[in-house]
Amino acid sequence: MTDLDLGALLDDSTTSVVVCCGAGGVGKTTTAAALALRAAERGRRVVVLTIDPARRLAQALGLDELDNTPRPVVGVDTSAGGSLDAMMLDMKRTFDELVLTHADPGTAQQILDNSVYQALSSSFAGTQEYMAMERLGQLRAQADAEDSWDLIVVDTPPSRSALDFLDAPTRLGSFLDGRFIRLLTAPARAGGRVGARALGVGMSVAAATLGKLLGRQLLLDVSTFVAAMDTVFGGFRARADETYRLLQDPGTRFVVVATPERDALREAGYFVQRLARDRMPLAGLVLNRVAVSRARISADRARDAAETLAESGERHTAAVLRVHADRAEVAARHRRLIRDTAAAHPRLATVQVPLAGADIADLPALREVAEALCTP
Amino acid sequence: MSWHGTDAEPRLHIVTGKGGTGKTTVAAALATALAGEGRRVLLVETEERQGISQVLDVAPLGTQETEVSTGLDGGEVWGLSIVAGAALVEYLRLFYRLGRAGDLLHRMGAIEFATTIAPGVRDVLIGGKVYESVRRTASGRAPGSRRGRHLGEPPAYDAVVLDAPPTGRVGRFLDVTGQLADLARVGPIRNQADAIRQLLHSGTTVVHLVTLLEQLPVQETLDAAAELETDRLRIGTLVVNQTPDASVREDVEVVAAGETDPARLAERLESVGIRTSPAMIEGLVQTAAEAVTRRDLEATLEDAVVGAGRPVLTLPHLPEGVGPDAVRRLAAELAAQGVAP
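Residues numbered from 1 in each chain as written. Chains lettered and ligands numbered in written order. Predicted model: local features only at pLDDT ≥ 70, side-chain atom pairs only at ≥ 80, totals over all residues. Heavy atoms only, no water.

### Focus: the overall build of chain B
Across its full length, chain B holds 14 helices and 8 strands. Out of the 341 residues belonging to chain B, those deemed buried represent 54%. Considering only residue pairs separated by 6 or more positions, chain B has 71% of its internal contacts joining residues 24 or more positions apart. Surface accessibility of chain B: about 14,500 Å² in total, with carbon and sulfur atoms responsible for 50%. (Helix = DSSP H or I, 4+ residues; strand = E, 2+ residues; numbered from the N terminus. Buried < 20%, exposed > 50% of the residue type's maximum accessible area, 1.4 Å probe, protein only. Contact = heavy atoms within 4.5 Å. Areas by Shrake-Rupley, 256 points an atom, 1.4 Å probe, with all protein chains shown as cover.)

Have a look at this one:
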């Protein structure tokens with residue numbers, strides 16, 4: 001297993017986007033924030049896009065509320081000439097802005113008022129992933145236009161699976177471009193010239209059944225919505241594909257985050273394979289919360305000694321040894337799991353971050369995480 | 001007070017928790033504990049994750065109920081994975097006598113459309129299936145049967161345990177009618193949603209929340225409990241999962257009670273034939289200090305969990321991972337803490 005040198009990655013001026021991904025609860029957001037802080041304090045002009053930071057981490061970054069605009073983080077050491085801006089994704093607002101930017105005012109309002117749009121933009125499974133990518137694209141364009149940032153660090157949504165981040169936009173795109181929707185909205189697209197008769201019996205049965213079930217109004221809303229969006233974007237699928245390509249850009253680097261637990265590592269393994277298949281540049285794997293034994297004495301030996309000492313009344317020393325033995329056993333289990341992962345992915349570069357005590361509440365704590373991340 | 005802390009007799013147990021807290025394992029253990037002699041419990045998952053089949057080491061669950069395990073005292077545990085699309089086809093078959101037309105709808109992409117376009121519809125379909133399995137009677141046992149519960153007739157399942165979406169999504173999942181407000185104002189879907197809502201807010205239903213003794217999961221659990229209570233759902237127990245072993249806790253207590261003096265520690269270790277080094281002693285002292293800090297943090301978090309005023313169930317950390325044996329062990333732990341059919 002090779003070492004992942006995140007310090008060098010961040011210092012490399014050709015690195016323009018770092019995407020942190022992994023299963024939920026493995027410390028993705030913290031990793032993203034720590035890397036961004038580190039890069040900024042080493043002279044890069046950085047913006048970090050967080051998705052759903054824990055309250056205290058958000059406070060540490062000065063993010064008091066959902067805010068779609070990057071704002072400077074207070075307390076960053078800018079002596080090396082760098083800077084750090086942070087923002088929290090507001091998926092509904094990103095979607096709204098997308099509509100407002102691309103549609104004429106009349107069409108935009110029609111879309112924003114549509115009930116299907118409102119449901120889709122605030123709760124469709126996948127909208128968050130889609131909008132995270134969309135926002136990344138916007139930040140990238142803004143950085144190029146204004147020469148404001150030279151590094152964008154992105155956190156990914158807390159999905160059930162890390163793959164959702166890659167799949168959701170296309171899924172949303174192909175759903176909206178799907179056969180049924182196309183058929184359903186055909187009359188609206190053709191300006192009403194094509195009647196339901198032309199759609200065939202199957203379609204009218206399907207439409208009638210769904211109409212009964214969901215109500216005609218809903219189906220009507222769907223066709224209005226899709227038709228309006230179509231005039232704006234000319235196909236969702238194409239747009240999703242375009243956003244996806246941004247991730248294959250040579251300046252993009254993926255950092256996969258996991259903890260030394262079977263499920264999280266399996267998830268990371270899937271993701272690594274997928275990145276390779278889609279030719280997306282993988283930097284390596286960050287292993288968070290790895291237990292390390294702090295004293296060179298085996299668990300078995302420590303337990304034996306504890307037993308002898310306890311017999312002669314040395315309860316305290318015996319307890320210290322057993323506490324160490326427990327920790328050494330956890331560390332051994334973590335080592336085994338990590339070794340198995342390394343064997344399955346021999347070319348995967350990794351870095352291990354030791355188990356930290358409390359959660360991250362301020363910049364000094366975040367600096368410590370960064371230090372651990374960048375010390376292979 | 002009952003183990004679940006409500007004065008009703010719940011039959012629908014909804015289990016939620018932050019992702020990664022082990023709610024699927026806890027749901028399986030709860031179902032196993034509730035499957036007393038001669039009883040049948042249905043264990044349901046809703047997100048097509050096949051978590052139950054992984055935890056119980058059985059073949060992937062389908063949309064038909066199958067027996068997956070045996071309860072602690074010989075009852076039956078059945079499993080089901082609810083898929084919104086299949087629920088919709090079944091629904092259409094029953095209410096519109098569509099028969100094979102369901103296949104047609106599938107081919108047209110209409111089923112995917114209906115279950116995706118409005119997230120609320122998907123949850124109503126899943127909720128509808130749960131509703132049906134709670135209300136079904138022993139004589140209407142055939143899957144899909146929708147016969148109502150007649151007076152005196154026993155239910156098909158003595159309890160239904162639902163491995164629900166995680167805390168981040170559970171509020172929306174359980175608020176079936178709220179989601180539909182703007183989409184389906186009338187019609188069968190609406191009626192179904194109203195019936196589910198009634199069930200969820202009745203004494204038949206309790207929500208259990210699973211957490212770990214870590215800051216984020218505890219915070220999220222307490223927030224979720226408060227939110228669900230505001231929505232007038234009944235909170236049952238708070239389950240603290242993966243707690244350190246009692247013997248480990250005892251050791252840490254002993255360590256905390258005394259002072260770990262490096263010189264004395266070295267001397268004791270040498271006395272039992274261990275050759276020490278300054279680095280080793282420093283490592284041991286540090287390990288001891290970190291364990292005490294961790295204990296203090298856990299004590300604070302435990303107080304916060306207890307402070308929520310709900311019954312607390314505690315389950316041990318199982319380093320060897322989860323599997324059918326681990327589920328039975330956890331079920332026995334639950335039974336020892338009063339969980340009973």
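### Digging into the packing of aromatic side chains
Residues and elements named next belong to chain A. In the structure shown here, the tally under the stated rule is 2 aromatic pairs over all chains. Between Phe95 and Tyr117, the ring centres sit 5.2 Å apart and the planes meet at 80°, which makes this aromatic pair edge-to-face. Within this pair, whereas Phe95 is found in helix 4 (residues 91–102), its partner Tyr117 is found in helix 6 (residues 115–123), the two being separated by 22 residues in sequence. Residue class for Phe95 comes out buried when judged on its relative accessible area of 1%. On the basis of relative accessible area, Tyr117 is assigned to the buried category, the value being 0%. (Phe/Tyr/Trp six-rings, centres within 6.5 Å; stacked < 30°, edge-to-face > 60°.)

### Considerations on the confidence of the model for chain A
Residue and element names in this part refer to chain A. The predicted model of chain A has a mean per-residue pLDDT of 84, with 86% of residues at 70 or higher. The lowest-confidence element of chain A is helix 9 (residues 179–189), averaging 64 in pLDDT; the highest-confidence one is helix 1 (residues 6–11), averaging 96. Note that residues 188–198 has pLDDT below 50 and, in this model, 9 contacts with residues that lie over four places away or in other chains. (pLDDT = per-residue confidence, 0-100.)

### Overview of the environment of Thr260 of chain B
Here Thr260 of chain B lies in the loop between helix 11 (246–257) and helix 12 (262–271). In this structure, the C-alpha to C-alpha distance between Thr260 of chain B and Gln286 of chain B, residues 26 residues apart in sequence, is 9.6 Å. When sequence neighbours within four positions are dropped, the list of residues in contact with Thr260 of chain B reads His316 and Val320 of chain A together with Val255, Leu265, Val285 and Ala288 of chain B.

### Considerations on a negative patch on the surface
On the surface, Asp300, Asp304, Glu307 and Glu311 of chain A cluster together into a negatively charged patch. With respect to the secondary-structure elements, Asp304 of chain A resides in helix 14 (residues 299–311). (Patch = residues over 30% accessible without salt bridge, like charges linked within 9 Å, V, L, I, M, F, W, Y side chains within 5 Å. Salt bridge = Lys/Arg side-chain N within 4 Å of Asp/Glu carboxyl O. Lys, Arg positive; Asp, Glu negative; His and termini not counted. Charge placed at Lys NZ, Arg CZ, Asp CG, Glu CD.)

### Remarks on the environment of Pro262 of chain B
Residue and element names in this part refer to chain B. Take Pro262: it is sitting in helix 12. Expressed as a C-alpha distance, the spacing of Pro262 and Val285, which sit 23 residues apart in the sequence, is 6.9 Å. With residues near it in sequence (within four places) discarded, Pro262 still touches Ile281 and Val285.

### Describing the sheet that holds strand 6 (residues 205–211) of chain B
Residue and element names in this part refer to chain B. One open sheet accounts for 8 strands, arranged 3-4-2-5-1-6-7-8; its pairing is mixed. Both outer strands of the open sheet, strand 3 (66–70) and strand 8 (312–316), are each paired with one neighbouring strand and no more. Neighbouring strand axes in the sheet, compared pairwise and without regard to direction, differ in orientation by 25° on average. (Pairing = 2+ DSSP bridges. Axes fitted to C-alpha atoms, helices over the stretch in contact; angles between N-to-C directions.)

### Looking at the sheet that holds strand 3 (residues 45–50) of chain A
Sheet strands line up and pair through hydrogen bonds in the backbone, either parallel or antiparallel. All names here are of chain A. Strand order in the open sheet made by the 9 strands is 1-9-8-7-2-6-3-5-4, with mixed pairing throughout. The open sheet has two free edges, formed respectively by strand 1 (2–3) and strand 4 (71–72), since each of these has just one partner strand. In terms of strand pairing, strand 7 (residues 252–258) meets strand 8 (residues 282–290) through 5 bridges, oriented parallel. Bridge assignment links Val255 to a residue of strand 8, and that residue is Gly284. Packed onto the sheet, helix 13 (residues 262–277) meets strand 2 (17–21), strand 7 and strand 8 and runs at close to 160° relative to strand 7.

### Details of the interface of chain B and chain A
Residue-level contacts link 60 residues of chain B with 53 residues of chain A. Of the roughly 4,900 Å² buried where chain B meets chain A, counting both sides, 70% is carbon and sulfur surface. Across the contact surface, chain B and chain A share 5 salt bridges. Scanning the region where chain B abuts chain A turns up 6 residue pairs in polar contact (both at pLDDT 80 or more). Take the side of chain B that touches chain A: its biggest share by element is 11 residues, from helix 13 (residues 278–307) of chain B. Tallied by class, the residues present in the side of chain B that touches chain A amount to 34 nonpolar, 13 polar and 13 charged. (Buried area = accessible area lost by both parts, 1.4 Å probe. Polar contact = N/O pair within 3.5 Å; in protein donor to acceptor, adjacent residues only side chain to side chain. Nonpolar A, V, L, I, M, F, W, Y, C, P; charged D, E, K, R; others polar.)

### Some words on the confidence of the model for chain B
Interpretation of this model should avoid reading the predicted coordinates in detail wherever pLDDT is low. Averaged over chain B, the pLDDT score is 87; the fraction of residues at 70 or greater is 89%. The low-confidence segment residues 142–149 of chain B (pLDDT under 50) makes 20 contacts with residues lying over four places distant or belonging to another chain.

### What about unusual backbone geometry?
Backbone geometry at Arg279 of chain A places phi at a positive 50°, although glycine is not the residue there. Secondary-structure assignment places Arg279 of chain A in the loop between helix 13 and strand 8. For Asp57 of chain B, which is not glycine, the phi dihedral falls at a positive 55°. Mapped onto the secondary structure, Asp57 of chain B falls in the loop between helix 2 (51–56) and strand 3. Note on Asp57 of chain B: relative accessible area 61%, which makes it exposed.

### A closer look at helix 2 (residues 28–41) of chain A
Residues and elements named next belong to chain A. With 14 residues, helix 2 ought to run about 20 Å at 1.5 Å a step, and its terminal C-alpha atoms sit 20 Å apart, in line with that. The element helix 2 is extensively covered by neighbouring structure, given that 13 of its 14 residues are classed as buried. Just downstream of helix 2 lies Gly43, where phi reads positive at about 105°. (Expected span 1.5 Å × (residues − 1).)

### Considerations on the pattern of salt bridges
A complete count under the given rule lists 31 salt bridges over all chains for this structure. In this structure, Asp150 of chain A engages Arg45 of chain A in a salt bridge whose closest nitrogen and oxygen atoms are separated by 3.7 Å. A residue pair is termed long-range when its members are at least 10 positions apart, and Asp150 of chain A in the loop between helix 7 (127–146) and strand 6 (151–155) and Arg45 of chain A in strand 3 qualify at 105 residues. Ionic pairing is found between Arg136 of chain B and Glu132 of chain B, a salt bridge with its closest N-O pair at 2.8 Å. You'll find Arg136 of chain B and Glu132 of chain B in the same group, each marked buried.

### Observations regarding the packing of helix 12 of chain B against helix 13 of chain B
All names here are of chain B. Across the interface, helix 12 lies against helix 13 with an axial gap of 10 Å and an inter-helix angle of 115°. With respect to helix 13, the axis of helix 12 lies roughly perpendicular. In this structure, helix 12 crosses over helix 13, and the sense of that crossing is right-handed. Facing helix 12, whose interface residues are Pro262, Leu265, Ala266 and Leu269, helix 13 presents Met280, Ile281, Leu284 and Val285. (Parallel < 35°, antiparallel > 145°, perpendicular 65-115°, else oblique. Left-handed = near helix turned anticlockwise from the far one by under 90°.)

### Comments concerning the pairing of strand 6 of chain A
Residue and element names in this part refer to chain A. For strand 6, a buried count of 5 out of 5 residues is recorded, marking the element as mostly surrounded by other parts of the structure. Where burial is concerned, the two faces of strand 6 agree: the one with Leu151, Val153 and Asp155 and the one with Ile152 and Val154 are both buried. Bridge count between strand 2 and strand 6: 4 bridges; the pairing is parallel. Paired with Val19 across the strands is Val154, a residue of strand 6. One ladder, built from 4 bridges, connects strand 3 with strand 6; its direction is parallel. Bridging across to strand 6, Val46 finds its partner in Leu151.

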